[in-house]
Amino acid sequence: MSNIDPVTGYQTHNQPSRPDRSVRHQTATRRTALTVCTIADIAAGLLGLWILLFLLDANQANVFVEFVRGTADWLAWWAQDIFTMDTEGLRVALNYGLPAAMYLLIGHGIAARLNRA
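What comes next concerns the included structure. Everything numeric here is computed off the predicted structure, so don't read it as measured data.

Re the overall build of the protein
Part 1 of the reasoning: Scanning the protein from terminus to terminus reveals three helices and zero strands.
Part 2 of the reasoning: Going residue by residue from the N terminus, the α and β elements of the protein occur as α-α-α.
Part 3 of the reasoning: Taken as a whole, the protein presents about 8900 Å² of accessible surface, with 61% of it coming from carbon and sulfur.

Below, the structure is given as structure tokens:
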């Protein structure tokens with residue numbers, strides 16, 4: 001007589017198991033990495049949007065344009081007037097583009113590091 005069933009009480013490989021701590025930790029880490037990426041992307045997107053609105057000569061009195069400019073100023077406070085160019089469009093592109101690139105690089109770098117952990 002051959003019995004291939006496992007002993008009662010032991011889990012087989014076919015049965016779904018309860019998620020253990022490592023799986024839950026991985027899930028939480030991936031969610032954190034996704035959150036960091038999303039925040040970095042939104043910050044860079046707002047900075048890029050301000051550059052685009054400025055270059056397209058958007059109405060500065062518009063509420064949306066004022067909001068985007070205020071948010072971009074807040075996000076790029078550390079990079080204001082790093083570049084002083086005669087061409088206003090180039091100055092805005094560089095002074096707001098540098099923080100956008102830094103947010104993307106740092107945010108995605110942190111997320112990649114979290115995903116590897």
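What follows picks up the thread again.
Structural notes on the nonpolar core
Part 1 of the reasoning: Within the largest apolar cluster, 15 residues are counted, with the highest numbers of intra-cluster contacts made by Leu47, Trp50, Leu53, Val65, Ala72 and Tyr96.
Part 2 of the reasoning: Elements represented by at least two residues in this core include exactly α1 (21–55), α2 (63–75) and α3 (88–116).
Part 3 of the reasoning: The element contributing the most residues to this core is α1, with six residues.

Examining α3
Part 1 of the reasoning: Counted at 1.5 Å a residue, the expected span for α3 with its 29 residues is 42 Å, and the 42 Å between its end C-alpha atoms agrees.
Part 2 of the reasoning: Approximately 25° is the largest bend angle found in α3, and it occurs at Gly97, with the proline Pro99 only one to four residues beyond.
Part 3 of the reasoning: Every buried residue of α3 is accounted for by Gly89, Arg91, Val92, Asn95, Tyr96, Pro99, Ala100, Gly107 and Ala111.

Some words on the packing of aromatic side chains
Part 1 of the reasoning: Tallied over the full model, the rule gives two aromatic pairs.
Part 2 of the reasoning: Between Trp50 and Phe54, the ring centres sit 5.8 Å apart and the planes meet at 55°, which makes this aromatic pair tilted. Taken as a pair, Trp50 and Phe54 lie in helix α1 at a separation of four residues, close to a single helical turn.
Part 3 of the reasoning: The exposure class assigned to Phe54 is partly exposed, which follows from its relative accessible area of 23%.
Part 4 of the reasoning: Ring centres 6.4 Å apart and planes at 75° place the aromatic pair Trp50 and Tyr96 in the edge-to-face group. Note that Trp50 is positioned in helix α1 and Tyr96 in helix α3, a separation of 46 residues in sequence.
Part 5 of the reasoning: What links up through ring pairs into an aromatic cluster is the set Trp50, Phe54 and Tyr96.

Side note on the pattern of salt bridges
Part 1 of the reasoning: Following the criterion strictly, the structure yields three salt bridges and no others.
Part 2 of the reasoning: With a shortest N-O distance of 3.7 Å, Asp73 and Arg69 are connected by a salt bridge. Of this pair, Asp73 and Arg69 are both found in helix α2, four residues apart, which corresponds to roughly one turn of the helix.
Part 3 of the reasoning: Notably, a salt bridge pairs Arg91 with Glu88, separated by 2.4 Å at the nearest N-O pair. On the criterion of helical spacing, the pair formed by Arg91 and Glu88 is a turn pair, its members being three residues apart in helix α3.
Part 4 of the reasoning: On the basis of relative accessible area, Arg91 is assigned to the buried category, the value being 18%.
Part 5 of the reasoning: For Glu88, a relative accessible area of 39% corresponds to the partly exposed category.
Part 6 of the reasoning: Bridged by salt links that share partners, the residues Asp81, Glu88 and Arg91 form one connected network.

Rules used throughout
- Residues numbered from 1 in each chain as written.
- Predicted model: local features only at pLDDT ≥ 70, side-chain atom pairs only at ≥ 80, totals over all residues.
- Heavy atoms only, no water.
- Helix = DSSP H or I, 4+ residues; strand = E, 2+ residues; numbered from the N terminus.
- Areas by Shrake-Rupley, 256 points an atom, 1.4 Å probe, with all protein chains shown as cover.
- Core = buried A, V, L, I, M, F, W, Y, C linked by side-chain atoms within 4.5 Å.
- Buried < 20%, exposed > 50% of the residue type's maximum accessible area, 1.4 Å probe, protein only.
- Expected span 1.5 Å × (residues − 1).
- Bend = angle between axes of the 7 residues up to and from the residue.
- Phe/Tyr/Trp six-rings, centres within 6.5 Å; stacked < 30°, edge-to-face > 60°.
- Salt bridge = Lys/Arg side-chain N within 4 Å of Asp/Glu carboxyl O.

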